[in-house]
Amino acid sequence: MSTRGVETDEQQRIRFQVELEFVQCFANPNYLHFLAQRGYFKDPAFVNYIKYLQYWKEPAYAKYLKYPMCLHFLDLLQYEHFRKEIVNGQCARFIDDQQILHWQHYTRKRVRLLQSQAEKHMMTVQNNEPTPQKSV
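Note that this is a predicted model, so its numbers are computed, not measured. (Residues numbered from 1 in each chain as written. Predicted model: local features only at pLDDT ≥ 70, side-chain atom pairs only at ≥ 80, totals over all residues. Heavy atoms only, no water.)

Examining the overall build of the chain
- Of regular secondary structure, the chain possesses seven helices and zero strands.
- Each helix and strand of the chain, ordered N terminal to C terminal, gives the series α-α-α-α-α-α-α.
- A globule of 136 residues ought to have a C-alpha radius of gyration of about 14 Å, yet the chain, at 24 Å, is considerably larger.
- Across its three principal directions, the C-alpha atoms of the chain cover 85 × 45 × 15 Å.
- The burial tally for the chain puts 24% of its 136 residues in the buried class.
- In the chain, of all internal contacts separated by at least 6 residues, the share reaching a separation of at least 24 is 66%.
- By element, 56% of the accessible surface of the chain is carried by carbon and sulfur atoms, the whole surface being about 10500 Å².
- Considering the chain, the positive charge centre built from 18 side chains and the negative charge centre built from 14 side chains are found 5 Å apart. (Helix = DSSP H or I, 4+ residues; strand = E, 2+ residues; numbered from the N terminus. Rg over C-alpha atoms; globule rule 2.2 N^0.38 Å. Buried < 20%, exposed > 50% of the residue type's maximum accessible area, 1.4 Å probe, protein only. Contact = heavy atoms within 4.5 Å. Areas by Shrake-Rupley, 256 points an atom, 1.4 Å probe, with all protein chains shown as cover. Lys, Arg positive; Asp, Glu negative; His and termini not counted. Charge placed at Lys NZ, Arg CZ, Asp CG, Glu CD.)

Below is the structure:
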């Protein structure tokens, strides 16, 4: 902060980048496990910081996220029960496995959808092509 307590444009830009990177780390259950093991989730100031980060759920900010799954974990981190459970390595591994399965399913489904749309487009193009006229 500057001497007057107001952030400069440069300081705001840096804070935006740091908070963007940090909130996206929440998409990694192993990182959440790491934080839990070191007691961060027991610190009331850190828990308040997590609450503050919920502004990333607003569309004006969410559009910058590469890993939108982090928003789901940001929601889960609002619950003390989840913060206590993620300290368990088995819990973190289970969540990580489920996340990978979700991505695999989504990717396969997306590929099938794109292939289907491409085939429909090709059929439409082939059916709408003018037939060559024979000259007399």
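So, next bit.
Considering the environment of Cys91
- In this structure, Cys91 sits in helix α7 (residues 89-128).
- Residues Cys91 and Pro29 lie 62 residues apart in sequence; the distance between their C-alpha atoms is 8.9 Å.
- Leave out the neighbours within four places in its chain, and Cys91 touches Glu85 and Ile86.

Focus: helix α2 (residues 29-37)
- What α2 keeps buried is the set Pro29, Leu32, His33, Leu35 and Ala36. Projected down its long axis, α2 carries its buried residues within an arc of 160°, all on one side.
- Two or three places before Asn30, at the start of α2, stands the capping residue Asn28, its side-chain oxygen 2.8 Å from that residue's backbone nitrogen.
- Remark: Gly39 follows α2 within two positions and exhibits a positive phi of approximately 80°. (Arc of directions from axis to C-beta. Polar contact = N/O pair within 3.5 Å; in protein donor to acceptor, adjacent residues only side chain to side chain.)

Section: the packing of aromatic side chains
- Within the structure shown, the criterion is met by 14 aromatic pairs.
- Geometrically, the ring pair formed by Phe41 and Phe46 is tilted, given 6.0 Å between the ring centres and 45° between the ring planes. Across this residue pair, the class does not change: Phe41 and Phe46 are buried. (Phe/Tyr/Trp six-rings, centres within 6.5 Å; stacked < 30°, edge-to-face > 60°.)

Section: the pattern of salt bridges
- Under the definition given, this model contains five salt bridges.
- The residue Arg13 makes a salt bridge to Glu10 at a minimum N-O spacing of 2.6 Å. Placement of the pair is Arg13 and Glu10 together in helix α1 (residues 9-25), with a separation of three residues, close to one helical turn.
- Judged by its relative accessible area of 40%, Arg13 is partly exposed.
- By relative accessible area, Glu10 is classed as partly exposed at 41%.
- Notably, a salt bridge pairs Lys57 with Asp75, separated by 2.7 Å at the nearest N-O pair. In this pair, Lys57 sits in the loop between α3 (44-52) and α4 (59-62) while Asp75 sits in helix α5 (residues 69-76), placing the two residues 18 residues apart along the sequence.
- The exposure class assigned to Lys57 is partly exposed, which follows from its relative accessible area of 37%.
- Each of the salt bridges in this network shares a partner with another, and the network as a whole consists of Glu7, Arg15 and Glu19. (Salt bridge = Lys/Arg side-chain N within 4 Å of Asp/Glu carboxyl O.)

Functional significance is not addressed by these values, which are geometric in nature.
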